[in-house]
Amino acid sequence: MLGVYKPGTWMQELLHNFGMHHSFRGGSEYMDFSTFMGSAYSACPTAPELLRLGNLYLSLRVRRGGDSALDAEYVYRLSVHEALAAVDNALPNPQEDPRFDLVNLMDQGESLDLPSYGLRIQARELVGGGQRMVVDICRYRFNASLECRMPPIPTVCPIVDGYLAQRDLDSLELGPNNLGVERADRPDALASFCDNEPRGCAGFSWDARLQVGYWKGAVQPLRSAVGSCLYTRVVPAPPPAPTPPPAAVCPTVNGYRAFEHVARTGDDLALQGATVFIDLAALASACRASPACGSFGWDPRARQGTGHANTTATATATGKCHYVKEYLPPRPPRPPAQPPLPPRPRPPSSRCVGVAGYAVFPDTDHDGDDIGIKASVAEAATACNADSRCKGFNSGGRYKTEVSPIIEYQGSCLYVKVLNLSTACPRPSDWCTSYGASLASADCDGDKLEDWICTDPAGNRGTVRSSDSCLSRWPNADPGLCPAGQLDRLPGSDLACVEGYDVRGNDIVTWSSVSSRVACRELCRRDRRCQFFVIRTDGRCVLRNYYLAGAAGTNGPSSVVEASCLSGSTNYGSFECVPGWDVNGDHAAAPFYVSHVYDCRTRCRDDEYCLFFLYLPATTAGSTGGTCALKYNAFRGQYGTTQPNAAIQWACFYVRFAEAGGQ
């Protein structure tokens, strides 16, 4: 029954009334998809169906008029049909089927020998922009090879939509003109890259004999090149701007959102005893007062309107206004009130006493998140050490679950717990020494004793726990052995760092007096909000997220930044991908076509130079896959510009060697 929705089904049944029968292909009924007398969704009849003048029929099919939806298999190819001679030569009879059979499809440059007809057919070349084909036909008696001397076949340049093809020509090989080279058995594969090349691709040349193509920044000046096809990109004229609808005067009404040139019909409401209002303010007030009213319509010219129960516009209505009631979301409940900070002495910064295991920040505090309060700094430190939730305390004795964000508070000292490398178990001498390994400690088992933990970019994990008799579990420790150590998050490698460059992002927290890049990387790994970190030359470690697109930083070189490094999180295997950004760099290989972004990731991982890649999806209607650009020397190379770019779907950076989730 689904066939009733196909235009071809209607036409097939209609033409049965005129004596037409089903079409064949290779002797199989219905299998000719180039005509609705076979199984085409929407297409014209074939040549023998249009004109029953003999037994053998030739036709060229292109996507025009009734063939605009023709399957790609038949486009720009010569269709060869035959029919049963006894039936085809007789007068039309609805009871007799000539069995129109599609016996061959011929590309330009191909020949077909039909011994039963004594014919040799040569599809020489397409002309007129692909609208006509030059066909050579030779009738022979005994031997086609001896009796038929066909004209030579010129260089065959297949039609590529959106490009003008010229045979036996190429552009001059000038250095900047060459955008890359790729092997391709058909030129349409080269067109996909050219359509998405950010440097501006004007066309490409293709050599059918060598099956290789060259992308061009310019297609002039020309030179003779026998056997080469030069394809010039045809940039279509922009469509005319749509005629704007006539302006509707939709006055602003507080508490409502106005939509122009639309209306809602049905579910009219009687509001305050009236269905039709002639005053806009009265209608808005009546709708606002009724819980059943969701919207109202207003005609500025007729100066009347009606309330409705629902809000969705159901029809276009030039010059009319549709107002939808806006509902304000309920306010979130207030957080529980924190007890006010007691009056504190205001000693100068130099009076912040040191506490072992804590970094101290003078004239600084964090408001809220208190666990409790102690009478002195020493007592607060003892309480914080005993509580695994505690991340620090202030000089007023308040110990806290969080120490960020910080505020300036004159006379206050904020103490932040640092990684404690004083553990209950000795560290094995050969433990945690792999490339990029990150050594730290945590109370893995809740016994108030610090345990050794280690992770590295290759996916190795290890623990040495006091409750495990100080047994070394390396390199395949289960992350569940140390929940506090968050062993499921791996550090990034040094390959994910950009030296002397400040990458934009949103600041999460800034740590002072961080001794090294390794220590900053571990702080990022242990904070699940952290996507990357910026280590500064003054010893500060800034944890950030929203790589490239946040509010802090400059996306530029900086003399006060040692490096910006991705670490901690990946969202595509061992890569961190950012949507809609171009990043300048140098090409590790000429850009190439891939069927899926997965293939681009695999090629980058297998290329010893690739540190990040850009993926540009194909934009041609019906196309799949896209262009992959493998790159290195991020932010400093000569190709591309670091800025948002809607044509680029993903910019993906190699963070570590281990894949996330086994991808």
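These figures come from a predicted structure and were not determined experimentally. (Residues numbered from 1 in each chain as written. Predicted model: local features only at pLDDT ≥ 70, side-chain atom pairs only at ≥ 80, totals over all residues. Heavy atoms only, no water.)

1. Overview of the overall build of the chain
- Looking only at helices and strands, the chain has nine helices and 43 strands in total.
- Put simply, the chain has 663 residues, and 45% of those count as buried.
- With an accessible surface of roughly 33,800 Å², the chain has 55% of that area assigned to carbon and sulfur atoms. (Helix = DSSP H or I, 4+ residues; strand = E, 2+ residues; numbered from the N terminus. Buried < 20%, exposed > 50% of the residue type's maximum accessible area, 1.4 Å probe, protein only. Areas by Shrake-Rupley, 256 points an atom, 1.4 Å probe, with all protein chains shown as cover.)

2. Focus: the pairing of strand E25 (residues 438-442)
- Counting buried residues in E25 gives four out of five residues, a clear majority hidden from the surface.
- The pairing of E25 with strand E26 (residues 451-455) spans five bridges and is classified as antiparallel. Note that in E26 the partner of Ser441 across the bridge is Trp452. (Pairing = 2+ DSSP bridges.)

3. Brief notes about the environment of Phe657
- Here Phe657 lies in the segment after strand E43 (650-654).
- A residue is classified by how much of its surface remains accessible, and Phe657, at 37% relative accessible area, is partly exposed.
- Taking the C-alpha atoms as reference points, Phe657 and Arg605, 52 residues apart in sequence, are found 8.7 Å from one another.

4. A word on the confidence of the model for the chain
- Taken residue by residue, the chain gives an average pLDDT of 80. The fraction at 70 or more is 84%.
- Ignoring residues within four places in sequence, the model shows residues 328-350, a span with pLDDT below 50, making 22 contacts including any to other chains. (pLDDT = per-residue confidence, 0-100. Contact = heavy atoms within 4.5 Å.)

5. Examining the sheet that holds strand E22 (residues 392-394)
- Pairing is antiparallel across the open sheet formed by five strands, whose spatial order is E20-E24-E22-E23-E21. Each edge of the open sheet is held by one strand with a lone partner, namely strand E20 (358-365) and strand E21 (370-373). Averaged over all pairs of adjacent strands, the angle between strand axes in this sheet comes to 25°, irrespective of strand direction.
- Two elements, E22 and strand E24 (residues 407-417), share three bridges in a ladder whose sense is antiparallel. (Axes fitted to C-alpha atoms, helices over the stretch in contact; angles between N-to-C directions.)

6. Quick notes on the nonpolar core
- Judged by nonpolar contacts, the single largest core of 24 residues is most densely connected at Tyr547, Leu548, Phe635 and Phe653.
- No other element matches the three residues that strand E40 (residues 612-617) contributes to this core.
- What Phe653 contacts, discounting residues up to four positions off in sequence, is Tyr547, Leu548, Leu566, Ser574, Phe575, Glu576, Val578, Val583, Leu611 and Phe612. (Core = buried A, V, L, I, M, F, W, Y, C linked by side-chain atoms within 4.5 Å.)

7. As for the packing of aromatic side chains
- Per the stated rule, a full pass over the model turns up 14 aromatic pairs.
- Both rings, one in Tyr256 and one in Phe296, keep their centres 5.0 Å apart while their planes meet at 70°; by these two values the pair is edge-to-face. Of this pair, Tyr256 sits in strand E14 (residues 256-263) while Phe296 is found in strand E17 (residues 295-299), placing the two residues 40 residues apart along the sequence.
- A centroid spacing of 4.8 Å and a plane angle of 10° characterise the contact between Phe575 and Tyr654, whose relative ring orientation is stacked. Note that Phe575 is positioned in strand E36 (residues 575-579) and Tyr654 in strand E43, a separation of 79 residues in sequence. For the pair Phe575 and Tyr654, one class covers both residues: buried.
- Among the aromatic side chains, those forming a connected cluster through ring pairs are Tyr501, Phe532, Tyr547, Phe612, Phe635 and Phe653. (Phe/Tyr/Trp six-rings, centres within 6.5 Å; stacked < 30°, edge-to-face > 60°.)

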